[in-house]
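Architecture and fold: a report
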Amino acid sequence: MDTTTEAGPWATAIRQRRKGLLQRLCLGAACALVFSPVLSWSFAVLWVGGYFLIQLLDLLILAPINNGRTEHMGRVRTAAAYFILVANAAYFGSLSVALWLTAGALGGICAAIMLSAGAIYAVINAPRSRLVMGLTIMPQFLYLAATPVFLAGVGAPMAYCVAVGTAIAVFVTYCLTLWRQMERAREAESAARLEAVRRQGQAEAAMESRSAFLAAVGHDLRTPIGAILSGAVELERGAHDAAARSQARLIADAGLMMKALLDDLLDHAKIEAGRMTVEQSDFDLRALMAQTLRLWQAPIRAKGLKLRIEGAASLPRGVRGDPMRLRQILNNLLSNALKFTQAGSITLRLSAWDEDAGGHALLIEVADTGPGMSADQVARLFTPFDQTTAGVSARHGGTGLGLSISRELVGLMGGRLTARSRPGEGAAFTVAVVLGRASATAALAPVRDDTGRLPSARPLAPAAAPAAQAPVMADPERPAAAAVSSGQAPVDSLEDEAEEGRALKVLVVDDHDINRRAVQLILAPLGCDVTSAEDGMSALIACQAEAFDLIFMDVRMPELDGRETTRRLRAAGGPNAAVPVIAVTADTSPEDVEACLAAGMNYFVPKPITPQALLGAVQHVLAQPDAAAEAEAAAA
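Residues numbered from 1 in each chain as written. Predicted model: local features only at pLDDT ≥ 70, side-chain atom pairs only at ≥ 80, totals over all residues. Heavy atoms only, no water.

**Considering the overall build of the protein**
Counting secondary structure elements, the protein contains 20 helices and 13 strands. Across the protein, contacts joining residues at least 24 apart in sequence account for 73% of those joining residues at least 6 apart. If you sum the accessible surface of the protein, you get close to 30500 Å²; carbon and sulfur atoms cover 60% of it. (Helix = DSSP H or I, 4+ residues; strand = E, 2+ residues; numbered from the N terminus. Contact = heavy atoms within 4.5 Å. Areas by Shrake-Rupley, 256 points an atom, 1.4 Å probe, with all protein chains shown as cover.)

**Examining the packing of aromatic side chains**
Per the stated rule, a full pass over the model turns up six aromatic pairs. Residues tryptophan 47 and tyrosine 91 carry aromatic rings whose centres are separated by 5.4 Å and whose planes lie at 20° to one another, so their mutual orientation is stacked. In this pair, tryptophan 47 sits in helix α3 (residues 41-61) while tyrosine 91 sits in helix α5 (residues 75-124), placing the two residues 44 residues apart along the sequence. Tryptophan 47 sits in the buried class, given a relative accessible area of 5%. Ring geometry for tyrosine 51 against phenylalanine 92: centres 6.1 Å apart, planes inclined by 50°, an arrangement best described as tilted. With tyrosine 51 in helix α3 and phenylalanine 92 in helix α5, this pair connects stretches of sequence that are 41 residues apart. (Phe/Tyr/Trp six-rings, centres within 6.5 Å; stacked < 30°, edge-to-face > 60°. Buried < 20%, exposed > 50% of the residue type's maximum accessible area, 1.4 Å probe, protein only.)

**A word on the environment of proline 139**
Structurally, proline 139 can be placed in helix α6 (residues 130-145). Considered as a pair, proline 139 and leucine 85 are 54 residues apart in the sequence and their alpha carbons are 10.0 Å apart.

**Some remarks on helix α11 (residues 323-340)**
With 18 residues, α11 should cover 26 Å at 1.5 Å per step; its first-to-last C-alpha distance of 26 Å lies within 8% of that length. Among the 18 residues of α11, 14 are classified as buried, and the element is accordingly described as predominantly covered. Between a side-chain oxygen at the N-terminus of α11 and the backbone nitrogen of methionine 324 the separation is 3.2 Å; the capping residue is aspartate 322. (Expected span 1.5 Å × (residues − 1). Polar contact = N/O pair within 3.5 Å; in protein donor to acceptor, adjacent residues only side chain to side chain.)

**A short note on the confidence of the model for the protein**
When pLDDT is averaged along the protein, the result is 80; 83% of the residues meet or exceed 70. The least confident element of the protein, judged by mean pLDDT, is helix α13 (residues 392-396) at 45; the most confident is strand β9 (residues 505-509) at 93. This model gives residues 1-7 a pLDDT under 50, and the stretch forms 10 contacts once residues within four places in sequence are excluded. Note that pLDDT drops below 50 for residues 627-636; the model gives that stretch five contacts with residues more than four away or on any other chain. (pLDDT = per-residue confidence, 0-100.)

**Quick look at the packing of helix α17 (residues 536-545) against helix α18 (residues 562-571)**
Direction vectors running N to C along α17 and α18 enclose 25°, while the axes themselves pass 9 Å from each other. One finds that α17 runs roughly parallel with respect to α18. In the packing of α17 onto α18, the handedness of the crossing is right-handed. Two secondary-structure elements touch here, α17 through Gly536, Met537, Ala539, Leu540 and Cys543 and α18 through Thr565, Arg568 and Leu569. Residues belonging to the contact of α17 with α18 are distributed by class as follows: five nonpolar, two polar and one charged. (Axes fitted to C-alpha atoms, helices over the stretch in contact; angles between N-to-C directions. Parallel < 35°, antiparallel > 145°, perpendicular 65-115°, else oblique. Left-handed = near helix turned anticlockwise from the far one by under 90°. Nonpolar A, V, L, I, M, F, W, Y, C, P; charged D, E, K, R; others polar.)

**A look at the nonpolar core**
For soluble globular proteins, nonpolar side chains are generally found buried alongside one another. Counting 48 residues, the largest nonpolar core has Trp10 and Ile137 as its most contacted members. Every element with two or more residues in this core is listed here: α1 (7-19), α2 (21-39), α3, α5, α6 and α8 (158-238). A total of 15 residues in this core trace back to one element, the largest contributor, which is α5. If we ignore the near neighbours within four places in the chain, the residues touching isoleucine 137 are Ala119, Ala122, Val123 and Cys175. Counting 42 residues, the second-largest nonpolar core is a separate cluster that includes Ile364, Val366, Leu403 and Ile405. (Core = buried A, V, L, I, M, F, W, Y, C linked by side-chain atoms within 4.5 Å.)

**A look at the pairing of β9**
Taken across its five residues, β9 has four buried, putting it largely inside the fold. Assessed by its sense of winding, the connection that carries the chain from β9 through helix α16 (residues 513-523) to strand β10 (residues 529-533) is right-handed. (Right-handed = clockwise from strand over helix to strand, strands pointing away.)

**Some words on the packing of α3 against α5**
Look at α3 against α5: their axes get within 10 Å of each other, and the N-to-C directions meet at 160°. In terms of axis orientation, α3 runs roughly antiparallel to α5. The hand of the α3/α5 crossing is left-handed. On α5, the residues that touch Phe43, Leu46, Trp47, Gly50, Tyr51, Ile54, Gln55, Leu57, Asp58, Leu60 and Ile61 of α3 are Arg77, Ala80, Ala81, Ile84, Leu85, Ala87, Asn88, Tyr91, Phe92, Ser94, Leu95 and Ala98. Residue composition of the contact of α3 with α5, by class: 17 nonpolar, four polar and two charged.

**Brief notes about the pattern of salt bridges**
Side chains carrying opposite charge are able to pair once their charged atoms draw close together. According to the stated counting rule, one finds 18 salt bridges in the structure shown. When the shortest N-O distance is used, the salt bridge between aspartate 282 and arginine 320 registers 3.0 Å. Of this pair, aspartate 282 sits in strand β1 (residues 281-284) while arginine 320 is found in strand β3 (residues 318-321), placing the two residues 38 residues apart along the sequence. Residue classification places arginine 320 among the partly exposed residues on the basis of a relative accessible area of 32%. With a closest N to O distance of 3.1 Å, arginine 317 and aspartate 284 form a salt bridge. Of the two residues, arginine 317 sits in the loop between β2 (306-310) and β3 while aspartate 284 sits in strand β1, which places them 33 residues apart along the sequence. (Salt bridge = Lys/Arg side-chain N within 4 Å of Asp/Glu carboxyl O.)

**Concerning helix α14 (residues 402-412)**
Gly402, Leu403, Ser404, Ile405, Ser406, Leu409 and Val410 are the residues of α14 that are buried. Glycine 414, located one to two residues past α14, shows a positive phi value of around 85°.

Put into structure tokens, the structure is as follows:
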């Protein structure tokens with residue numbers, strides 16, 4: 001027989017038999033021990049010794065295949081392998097002959113049981129290879145076929161002999177059919193596994209394509225949204241009557257609604273792709289709660305509702321976690337309560353205690369006096385794009401993603417978000433999470449008043465001296481709410497600086513004309529001398545021809561991106577090698593921020609661009625040289 005075509009199945013079956021070596025040894029020893037009273041101890045010992053010797057020869061001859069070195073052997077070794085497989089099975093079955101000759105019909109019963117076990121073992125341990133199965137099962141069948149002859153030899157009636165022969169034929173048919181069914185099951189399992197791998201690959205490719213599409217669309221949509229927000233602010237600034245200001249606020253409201261929807265969709269896509277992460281940093285929990293609630297007081301009061309706060313005194317001050325995501329969760333819950341509550345109050349219950357593991361257990365419950373929900377509605381409450389009640393989207397708007405995203409974020413923090421409600425009794429949402437303890441030696445990071453999901457503008461490198469007040473962004477979901485700032489307004493301070501000397505020379509690098517015009521619009525009241533470049537190469541050429549005070553650099557640009565442009569600018573020396581570079585980007589993950597820092601950028605402003613964030617960034621980077629000079633003078 002040609003072993004080339006049987007190489008794969010042959011090797012598979014041989015290796016399966018190798019796994020059953022211990023079973024064969026135990027089976028042979030057990031049979032000899034059980035039958036020793038009938039066959040004598042000396043015969044049993046000799047038989048077991050011979051059986052073990054055959055197993056050793058089996059291992060030696062088939063070693064190249066068992067060790068995985070090859071699936072093919074030479075002609076001589078292959079012939080020896082065929083012989084040893086037959087000899088192994090034949091030697092085991094030879095014990096049946098001894099039983100017949102020694103114990104007659106009673107020994108024959110034992111022999112039939114032993115041979116049946118040997119045949120079933122051969123069926124199980126010969127996957128994929130008819131050859132291996134045939135060589136190992138044929139001796140057992142031949143010994144079984146001799147059973148009617150032995151019965152006739154001990155004087156059994158012919159009818160009994162025919163009945164036994166028929167039963168053996170049925171058993172042989174059963175064994176062959178069983179092997180075939182097992183092979184079909186293996187083939188089906190293998191095909192299903194391959195199909196599952198193929199479908200998994202397709203799903204992963206589709207998810208990658210979807211993520212890339214959403215990232216590209218999200219990046220491009222932030223450009224017009226930023227222009228809408230910037231333009232609305234400037235329109236409101238220049239409005240001369242209440243009607244014009246109202247129209248400008250309407251445009252800003254529409255832009256912020258678009259931004260909120262886009263943020264929800266991108267967060268949902270990141271969660272589905274398994275790419276959503278939470279950061280770990282020390283922050284002031286009490287300050288975060290106070291700032292968040294301060295921004296919600298006005299809209300809650302405007303709707304005629306009361307905001308009740310319970311248990312705030314139990315909160316620790318310094319904790320470790322993700323303040324931006326925690327604020328996002330709290331904003332979603334308060335927004336949901338405000339949306340569905342027409343009368344009554346919204347209650348925020350806070351509770352915290354020390355955990356044995358070295359953290360703070362935190363419970364946040366937001367309860368409202370809204371219409372409540374049925375058990376079926378609560379069960380579907382956290383399903384994306386499902387707001388549980390017919391017509392609710394038309395009445396209240398939104399995508400229904402807020403609660404779904406909040407639950408996923410709480411899960412990433414190692415906590416749980418649950419809801420309970422009854423019709424007519426309002427609803428209560430509870431966040432249970434454990435926050436780490438803030439480091440005793442680390443200063444708590446200031447909690448910025450940005451309630452959006454994107455980080456506010458912030459420095460990428462440590463300041464040389466105490467930095468200027470961190471920039472402040474207005475609440476992105478309620479433009480009418482005033483941003484809270486303890487420092488001087490960025491616009492006023494920058495206008496003062498512009499009056500003291502020459503106009504600031506600013507280079508704006510962005511492949512979108514809308515973004516360049518938006519930045520120019522925001523900087524226009526300051527009298528800045530703005531130069532534009534539409535790509536990285538144009539920016540480098542402009543930097544060779546003229547010195548600038550400040551550069552705004554888009555990160556994602558075709559051909560030469562913002563990071564590489566900054567690296568080349570720093571490495572080239574020249575008049576702009578040390579000029580502050582502010583990254584303008586929609587990519588605000590920790591990895592992207594670190595990449596901007598490594599490229600030599602000093603600050604970053606997230607898209608969509610808002611006047612507060614952009615002017616705050618300008619104020620911060622321009623304050624650094626003055627702060628450094630003051631520090632050097634004090635040291636001298």
